[in-house]
Amino acid sequence: MKVVLFCGGFGMRMREGDSDVPKPMQMVGPRPLIWHVMRYYAHFGHKEFVLCLGYGAHHIKNYFLNYRETESNDFVLRQGEVQLNGSDIADWTIHFVQTGLESPIGERLRRVRHLVEDDEMFLANYADVLTDAPLDDMVKRFTASDADAALLAVSPTAVFHIVEPGPDDRITSIHPVTDMGVRENGGYFVLRPSVIDRIPENGDLVGDACTALAKEGKLLGYPHEGFWLPADTLKERNELEASFRAGIRPWMLWEKKPDVAPLQRLVEQQLLS
């Protein structure tokens, strides 16, 4: 499936000084956020990307036009020639589409409609949040449903308390928000092209389309209790960087060795039968 990435926002909460680098290009280890998101999708076999560009588009274009495989792949330097032992993006297809400097996400999706309208479904992402969610299972559940859209539903990461005042304004109880059983939009979507019909000009994907679908029972929520962390602020980005440097990288599923034990057991059972 194609993967639509919304990477044209200003990212004001993550801006450092006068830099015009867009949020998806903020670094986590030797690679930017958008690379980590794309590698996640590629891990599940989805390697055609539609980048909805806007603010700071030249940074994203230049990064991929001058991509250096040696930063994240082993290689041999022999007689001055680089021989790669692996490749990240050699089999990727990337569409670079300028969707406006100030366009809301829904409008950005409208402007790339021609690239996804003939597909049964496609994936979409804010390009600034990482997870270890089992994408293949999320897609499987969505495919088996009659929903028109699905989103990853996660527990809030913010740390604050909900207070309940009584009639005289005296607080009767205090609860951590994490104990309230609420979920938030995790930023990973599976969509049918018909969803775009729900978005008015300069509209919003969630506020317009998903809200309408929810009222009709056509929006599926995929609950995930594993790793999920956005990078909306410098604090969150620094948390990701610290985690990466400490070797704690649950979102990098492509680094994990596959579990061959179930296959080995199946082979053994077949040999014994």
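None of the values given here were measured: they were computed from a predicted structure.

Colleague: So, the state of the cysteines: which residues are in play, and what are the values?
Modeller: Summed over all chains, the structure comprises zero disulfides. A disulfide-free cysteine, Cys-7 has its sulfur positioned 6.7 Å from the sulfur of Cys-52, the nearest such atom. Since its relative accessible area comes to 1%, Cys-7 is described here as buried. Judged by relative accessible area, which is 0%, Cys-52 ranks as buried.

Colleague: Please set out the pattern of salt bridges residue by residue, giving values where relevant.
Modeller: Under the defined criterion, the tally for this structure stands at 18 salt bridges. For Arg-141, the salt bridge identified is with Asp-137, shortest N-O distance 3.2 Å. One end of the pair, Arg-141, and the other, Asp-137, are both in helix α5 (residues 135-143), four residues apart, so they sit about a helical turn from each other. Here Glu-241 and Arg-237 are joined by a salt bridge, their closest N and O atoms 3.8 Å apart. Taken together, the positions of Glu-241 and Arg-237, both in helix α7 (residues 234-245) and four residues apart, correspond to about one turn of that helix. A relative accessible area of 11% places Glu-241 in the buried class.

Calculation rules
All residue numbers here refer to positions counted from 1 along the written sequence of the relevant chain. In view of the model being predicted, local features appear only for residues whose pLDDT reaches at least 70, and side-chain atom pairs are presented and counted only at 80 or more, with totals across whole chains, interfaces and linings using the full set of residues. The basis for the side-chain values is all heavy atoms of the structure; hydrogens and waters are excluded. Cysteine sulfur atoms that come within 2.5 Å of each other are treated as a disulfide pair. Burial classification: accessible surface area is computed with a 1.4 Å probe over protein chains only, and a residue below 20% of its type maximum counts as buried, one above 50% as exposed, and the rest as partly exposed. Whenever a carboxyl oxygen of Asp or Glu lies within 4 Å of a side-chain nitrogen of Lys or Arg, that contact is scored as a salt bridge. A helix here means a DSSP run of H or I that spans at least four residues, while a strand means a run of E at least two residues long, and both kinds are numbered starting from the N terminus.

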